[in-house]
2 protein chains.
Amino acid sequence: MGIRVFTFIGGAEGLWRVTRNSVIAGEPLNDIPYLDIREGDLREGMGSQWRLRGVVGHLRYTCRDEKDQLASRQPPLGRPESTRAALIPIRKSAAWWELPQDERRAILEEQSEHIRIGLKFLPAVARRLHHSRDLGEPFDFLTWFEYSPGDESAFDDLVRLLRKTEEWKYVEREIDIRLTRVG
Amino acid sequence: MGIRVFTFIGGAEGLWRVTRNSVIAGEPLNDIPYLDIREGDLREGMGSQWRLRGVVGHLRYTCRDEKDQLASRQPPLGRPESTRAALIPIRKSAAWWELPQDERRAILEEQSEHIRIGLKFLPAVARRLHHSRDLGEPFDFLTWFEYSPGDESAFDDLVRLLRKTEEWKYVEREIDIRLTRVG
């Protein structure tokens, strides 16, 4: 499993048009009309207002049975009918990162059912998680979701369920950017 | 817990003089007379032949009881008597990174006793682990060890024990650089 870096470029152009930019917690992220996603560590984009980078790599909390369930049910990105998307950048608190691995796992899954909740929304919602923390970025994670217009309310249910969990008490910054594919 | 980036610069000058540069597995790393360690992501050093970067951050496998034991026994870096050191850059195989978290943890500790073996050599051997994988570096980890001249043979025991473990079957590149502090 290799490392793949992606750069999310918010600015004047891109494949995705921003329809909403909501602050869930912490500092906002500047409004931008379009978002583009490029593979690689890109230093700048044409007319970009911000640039967020993240790495897709190995699983950090998922156990074997969960990995197998995800693998059998996870849809790919880029489905033609997935014309809606969400980019949710998140930063967790210092208290979260101070916890040992077993306590973070217990909060994430045994208490908050993060993986189990996500599984309920498969295959409607395709997802890719990017890790940003080791890159010294302003967020720890960038989560990218794609779904069809008819599944937007299901996606709203997914994020509402997650935001009520014990795990989310450790989220100190969260932005919810909704998008529609252009063309 | 913040993120701290360190750059290891191998070249013509530095606080540490290289006394040995051994290939344990995989491709060698160019011989260099000195090593310097700087906090920050430094793009180059004076006369450097190579530059390795890593991030000190949260614990990836350690449980609460292990974290508490480590915290009570781990010595700091920079002890005056610690005039010997080792830099051991390691890359693990794709097969390792494909494993889910529970199976990596089981190999690392329940089968290989990585944390338990390390604890046996405290406080003689001070250690700092740097994560490099998400930075797209040639190694996944850079481990830095400091100890007194009298503890060099204990340190040799430590690495010999670890290299015999199940975990080490997943190590595909490993360099063992030994150093003596200058002045």
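Remember, it's a predicted structure, so these values are computed and weren't measured experimentally.

1. Quick word on the overall build of chain A
The number of helices and strands found in chain A is 5 helices and 8 strands. Listing every helix and strand of chain A by position from the N terminus yields β-β-β-β-α-β-α-α-α-β-β-α-β. Here the C-alpha radius of gyration of chain A, 16 Å, is about what a compact globule of 183 residues would show, namely 16 Å. C-alpha atoms of chain A, sized along the principal axes, occupy 45 × 35 × 30 Å. Out of the 183 residues in chain A, the part that is buried amounts to 53%. Long-range pairs, those at least 24 residues apart, make up 77% of the contacts in chain A between residues at least 6 apart in sequence. About 8200 Å² of surface is accessible on chain A, with carbon and sulfur atoms providing 50% of the total. Across chain A, the 29 positively charged side chains and the 30 negatively charged ones have centroids separated by 2 Å.

2. Description of the pairing of strand β1 (residues 4-11) of chain B
Residue and element names in this part refer to chain B. In terms of burial, β1 is a largely internal element, 7 of the 8 residues being buried. Across 8 bridges, β1 lies against strand β4 (residues 48-56) in antiparallel orientation. Bridge pairing links G11 to S48 in β4. Of the pairings in the sheet, the one linking β1 to strand β3 (residues 34-39) comprises 6 bridges and is antiparallel in character. Following the sheet pairing, F8 is matched in β3 by I37.

3. Considering the interface of chain A and chain B
Across the boundary between the two partners, chain A contributes 26 residues, which contact 26 residues of chain B. In total, about 2500 Å² of surface goes out of reach between chain A and chain B, with carbon and sulfur atoms giving 46% of it. Taken together, the connections running from chain A to chain B amount to 5 salt bridges. We note a salt bridge from D134(A) to R60(B), for which the minimum N-O separation is 3.4 Å. Mapped by element, the contributors of at least two residues to the side of chain A that touches chain B are α1 (64-73), α2 (94-98) and α3 (101-111) of chain A. The dominant element in the side of chain A that touches chain B, judged by the number of residues it contributes, is α3(A), at 4 residues.

4. Notes on the pattern of salt bridges
Side-chain pairing between opposite charges can occur once the charged atoms of the two side chains come close. Residue and element names in this part refer to chain A. What the rule picks out here adds up to 43 salt bridges over all chains. Between D140 and R133 there is a salt bridge; the shortest N-O distance is 3.4 Å. One network of salt bridges, in which partners are shared, links E152, D156, R163, E174, D176 and R178.

5. Observations concerning the state of the cysteines
Should the sulfur atoms of two cysteines be covalently bonded, the bond is a disulfide. Tallied over the entire structure, the rule returns 0 disulfides over all chains. C63(A) takes part in no disulfide bond, and the closest cysteine sulfur, belonging to C63(B), lies 12 Å away. Looking at C63(A), the relative accessible area reads 16%, which means it is buried.

6. What to know about the relation of the copies chain A and chain B
The transformation that overlays chain A on chain B combines an axial shift of 0.0 Å with a rotation of 180 degrees, and the residual RMSD is 0.0 Å. Here the two chains are linked by the operation of a two-fold rotation axis.

7. Brief notes about the confidence of the model for chain A
Averaged over every residue, the pLDDT of chain A is 95; residues scoring 70 or more account for 98%. Here the prediction assigns the complex a pTM of 0.94, and the interface score ipTM is 0.91.

8. Examining the packing of aromatic side chains
Inspection of the entire model under this criterion finds 14 aromatic pairs over all chains. Both rings, one in Y147(B) and one in F155(B), keep their centres 4.7 Å apart while their planes meet at 20 degrees; by these two values the pair is stacked. Like F155(B), Y147(B) is buried. Through pairs of rings, three or more aromatic residues link up here, namely F8(A), W16(A) and W144(A). Seen from the ring of F6(A), R128(A) lies directly overhead, with NZ or CZ sitting 3.7 Å from the centre. When the ring centre of W96(B) is taken as origin, the NZ or CZ atom of K92(B), which lies over that ring, is 3.9 Å away.

9. Some points on the side chain of R128(B)
Residues and elements named next belong to chain B. Considering the arrangement of structural elements, one finds R128 in strand β6 (residues 126-131). Buried charge R128 goes without a salt bridge, the closest partner of opposite sign being E39 at 6.5 Å. At 3.0 Å, the side chain of R128 and the side chain of H130 are in polar contact.

10. Section: the environment of Q69(B)
Assignment of secondary structure puts Q69(B) in helix α1 (residues 64-73). Counting along the chain gives 50 residues from Q69(B) to L119(B), while the straight-line C-alpha distance between them is 7.9 Å.

11. Focus: the environment of G40(A)
Residues and elements named next belong to chain A. With respect to the helices, strands and loops of the structure, G40 is situated in the loop between β3 (34-39) and β4 (48-56). Between the C-alpha atom of G40 and that of V5, which follows or precedes it by 35 residues, the distance is 5.0 Å. Those residues within four positions of G40 in sequence are excluded, and the remaining contacts are V5, F6 and T7.

12. Comments concerning the pairing of strand β5 (residues 84-92) of chain A
Residue and element names in this part refer to chain A. Of all 9 residues in β5, 7 are buried, a share of seventy percent or more. Here β5 pairs with strand β7 (residues 141-147) via 7 bridges, running antiparallel. Bridging from a neighbouring strand, P89 pairs with L142 of β7.

Definitions and cut-offs
- Residues numbered from 1 in each chain as written.
- Chains lettered and ligands numbered in written order.
- Predicted model: local features only at pLDDT ≥ 70, side-chain atom pairs only at ≥ 80, totals over all residues.
- Heavy atoms only, no water.
- Helix = DSSP H or I, 4+ residues; strand = E, 2+ residues; numbered from the N terminus.
- Rg over C-alpha atoms; globule rule 2.2 N^0.38 Å.
- Buried < 20%, exposed > 50% of the residue type's maximum accessible area, 1.4 Å probe, protein only.
- Contact = heavy atoms within 4.5 Å.
- Areas by Shrake-Rupley, 256 points an atom, 1.4 Å probe, with all protein chains shown as cover.
- Lys, Arg positive; Asp, Glu negative; His and termini not counted.
- Charge placed at Lys NZ, Arg CZ, Asp CG, Glu CD.
- Pairing = 2+ DSSP bridges.
- Buried area = accessible area lost by both parts, 1.4 Å probe.
- Salt bridge = Lys/Arg side-chain N within 4 Å of Asp/Glu carboxyl O.
- Disulfide = S-S within 2.5 Å.
- Least-squares fit on C-alpha atoms with pLDDT ≥ 70 in both.
- pLDDT = per-residue confidence, 0-100.
- Phe/Tyr/Trp six-rings, centres within 6.5 Å; stacked < 30°, edge-to-face > 60°.
- Lys NZ or Arg CZ within 6 Å of the ring centre and 35° of its normal.
- Polar contact = N/O pair within 3.5 Å; in protein donor to acceptor, adjacent residues only side chain to side chain.

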